[in-house]
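The residues making up each chain are set out below.
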Amino acid sequence: MFVLKDAVGLTEDASKLVFLDQTQLPLKEVYVETDDIDEICDAISRLKVRGAPAIGVAAALGLAVSFNSAIRCGGNTEDRAALFHSYAEKLAASRPTAVNLSWAVNRMLFVFDRSVRDGLSGTGLRHVLLDEAISIKTEDIEKCRMISENGLKLIGKGSRILTHCNAGHLAVSRYGTALGPVHLALERGLEPVIYVDETRPLLQGARLTAYEMVRDGAETILVCDNMAASLMSSGKIDMVFVGCDRIAANGDVANKIGTCGLAVIASYFGVPFYVLGPTTTYDPDTPDGKSIIIEHRRAEEVTEMFYSERMAPEGVGVYNPAFDVTPSSLVTGYVSEYGLFDNFEDFKKSLI
Ligand code: MRU
């Protein structure tokens, strides 16, 4: 199966977080190594590392290595606990919408607190934290592998799939969610055709999904975001595959801004619309889509074309939510590591 070098991981001696700086893709492949908590938080909030599962993994690995590096400077048990909790808080606040981030941070906090209560400190504590972070990544790889197999059941010979943003290898630990089945379909000779929305304002589709799919040898067709209705009304799309940042308890789905519009268009033209993601993206504590906190980002992302020249007049107002919510009624099916579900109740039952 398609494997780029992982977008998030550790240096060989496990002392630093390594990530591919996705803001430089597709023009440059630059890997950054760091154990600095502020640099890690900054990388997440600037989308150098991005995608719901990948930011969870980056936060877990980043918490382990930054804490390791800080405690080499000394301090007593109480200082260290306060330090770990403050790092965790900073990381969790770096992006609010994807639940995978707070899920991973909370899992690390739980292990830290339990280990301290059990009397662990020094090297023992450092090892436990690192092992937990590595497990979070390993489990994510396995979940994505299963999602890819489960989603593959939807793809036939030559299927034409529209996707939005990037829910591929770059957005997870390996393989991808929405793109995972497409990579597998290619490998198994099904010759899928992937239509990629450019995904304004930060162009994750044009820069990242197109990069990933072209490198994998897929027939890849890039379209502007406003072309989806034209494509679907002319019968050029067999199904839509998207990832997710948070699935609420009623099945509403937060994902990259523009996803809801695609779901509405797909429903109107009778094109099946699938949401693919690991169950770590399901948040039973959020009752519905209205309760999901949507990240709003800098105006310049809209008034400038991806870190280049300004293209709108000074003084213009800007609305820049990074995500929207698709009501569960517009979702044809959910694909997780546990299977392919054509209604949300069955998805929920699979978790029991
Ligand atoms: O702002 P981004 O690029 O982090 O948004 C990413 C998405 O919306 C993805 O579709 C989602 O995180 C799923 S990634 C498997």
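Whatever comes next refers back to the structure up there.
Residues numbered from 1 in each chain as written. Predicted model: local features only at pLDDT ≥ 70, side-chain atom pairs only at ≥ 80, totals over all residues. Heavy atoms only, no water.

**As for the sheet that holds strand 11 (residues 323-326)**
Applied cut-off: A pair of strands is treated as paired once DSSP finds two or more bridges between them. Every helix listed is a DSSP run of H or I at least four residues long, and every strand listed is a run of E at least two residues long, numbered separately from the N terminus. Two residues form a contact once any of their heavy atoms are found within 4.5 Å. Throughout, an axis means a line fitted to C-alpha atoms (over the contacting stretch in the case of helices), and angles, computed between N-to-C directions, take values from 0 to 180 degrees.
If you trace the three strands from one edge of the open sheet to the other, you get 8-9-11, paired in antiparallel fashion. If you trace the sheet from one side to the other, it starts and ends with strand 8 (246-247) and strand 11, each paired once. For strand 9 (residues 253-256) and strand 11, the ladder comprises four bridges, and the chain directions are antiparallel. Among the inter-strand pairings, Asn255 is bridged to a residue of strand 11, identified as Asp324. Here helix 9 (residues 259-269) sits on the sheet and contacts strand 9 and strand 11; the angle it forms with strand 11, its principal contact strand, is near 35 degrees.

**Some remarks on the environment of Leu262**
Its location among the elements puts Leu262 in helix 9. Those residues in contact with Leu262, other than ones at most four positions away along the chain, are Leu162, His164, Asp197, Ala228, Met232, Val240 and Phe273.

**Focus on the site of the ligand**
Put simply, the rule reads: What makes a residue near a molecule or strand is one non-hydrogen atom of that residue sitting within 4 Å of it. The definition of a polar contact used here is a pair of N or O atoms within 3.5 Å, where within protein one atom must be able to donate a hydrogen and the other to accept one, and adjacent residues in sequence count solely through side-chain atom pairs. In these tables, accessible area is a Shrake-Rupley quantity obtained with a 1.4 Å probe, and a residue counts as shielded only by the protein chains included in the view.
In the neighbourhood of the ligand, 18 residues make up the surrounding shell, with Arg50, Ala52, Arg95, Asn255 and Lys256 lying closest. One of the side-chain nitrogen or oxygen atoms of Arg95 is found 2.8 Å away from an oxygen atom of the ligand. In isolation the ligand exposes 410 Å². Once the protein is present, 99% of that is buried. For the shell around the ligand, the elements supplying multiple residues, two or more each, are helix 2 (52-71) and strand 9.

**Looking at the pairing of strand 4 (residues 160-163)**
Direction of pairing for strand 4 relative to strand 5 (residues 193-197): parallel, over a ladder of four bridges. Across the sheet, the residue bridging to Ile161 is Ile194, located in strand 5. Here strand 4 runs beside strand 7 (residues 239-242); their pairing, made up of three bridges, is parallel. Paired with Thr163 across the bridge in strand 7 is Phe241.

**A word on the pattern of salt bridges**
Defined as follows: Each salt bridge in this description consists of a side-chain nitrogen of Lys or Arg and a carboxyl oxygen of Asp or Glu lying within 4 Å of one another. Burial classes follow relative accessibility: with a 1.4 Å probe on protein chains only, a residue under 20% of its type's maximum area counts as buried, one over 50% as exposed, and anything between as partly exposed.
For the coordinates displayed, the defined rule picks out 18 salt bridges. Of the charged contacts in the structure, one is a salt bridge between Asp346 and Lys349, with a shortest N-O distance of 3.6 Å. Taken together, the residues span about one helical turn, with Asp346 and Lys349 both in helix 11 (residues 344-349) at a distance of three residues. When its relative accessible area of 55% is taken as the criterion, Lys349 is described as exposed.

**Digging into the packing of helix 2 against helix 4 (residues 99-117)**
In a packed pair of helices, the relevant descriptors are the angle between the two axes and the axis-to-axis distance. Using the following cut-off: Our angle categories are set so that under 35 degrees counts as roughly parallel, over 145 as roughly antiparallel, 65 to 115 as roughly perpendicular, and the remainder as oblique. Helix crossings are classified by the rotation of the near helix relative to the far one: an anticlockwise turn of less than a right angle makes the crossing left-handed, while a clockwise turn makes it right-handed. Amino acids outside the nonpolar list (Ala, Val, Leu, Ile, Met, Phe, Trp, Tyr, Cys, Pro) and the charged list (Asp, Glu, Lys, Arg) are all regarded as polar, and Gly is one of them.
As a packed pair, helix 2 and helix 4 sit with axes 7 Å apart at the nearest point and diverge in direction by 30 degrees. If you check the angle between helix 2 and helix 4, you find them roughly parallel. In this structure, helix 2 crosses over helix 4, and the sense of that crossing is right-handed. Between helix 2 and helix 4, the residues in contact are Ala52, Pro53, Ile55, Gly56, Ala59, Ala60, Leu63, Ala64 and Phe67 and Asn100, Leu101, Ala104, Val105, Met108 and Phe112, respectively. Classifying every residue of the contact of helix 2 with helix 4 gives 13 nonpolar, two polar and no charged.

**Focus: the packing of aromatic side chains**
Going by this rule: Two rings from Phe, Tyr or Trp (for Trp, the six-membered ring) form a pair when their centres are within 6.5 Å of each other. A pair whose planes differ by under 30 degrees is stacked, one over 60 is edge-to-face, and the rest are tilted. Lysine NZ or arginine CZ positioned within 6 Å of the ring centre and within 35 degrees of the ring normal marks a charge as sitting over the ring.
In total, this model carries eleven aromatic pairs according to the counting rule given. Seen from their ring centres, Tyr334 and Phe344 are 5.0 Å apart, and the 50 degrees between their planes marks the pair as tilted. Linking Tyr334 in strand 12 (residues 333-336) with Phe344 in helix 11, this pair joins segments that are ten residues apart in sequence. Both residues of the pair, Tyr334 and Phe344, belong to the buried class. In textbook terms, an aromatic cluster arises when at least three aromatic residues are bridged by ring pairs, as seen for Tyr282, Tyr334, Phe341, Phe344 and Phe347. In this arrangement the basic side chain of Lys5 is found over the ring face of Tyr31, its NZ or CZ atom lying 4.0 Å from the centre. Taking the ring centre of Phe323 as reference, the NZ or CZ of Lys256 above it sits at 4.4 Å.

**Topic: the side chain of Glu301**
With respect to the helices and strands, Glu301 occurs in helix 10 (residues 300-303). In this structure the side chain of Glu301 is engaged in a polar contact, spanning 3.1 Å, whose partner is the side chain of Asn320. In this structure Glu301 touches Arg200, Pro201, Leu202 and Asn320, once residues within four positions along its chain are discounted.

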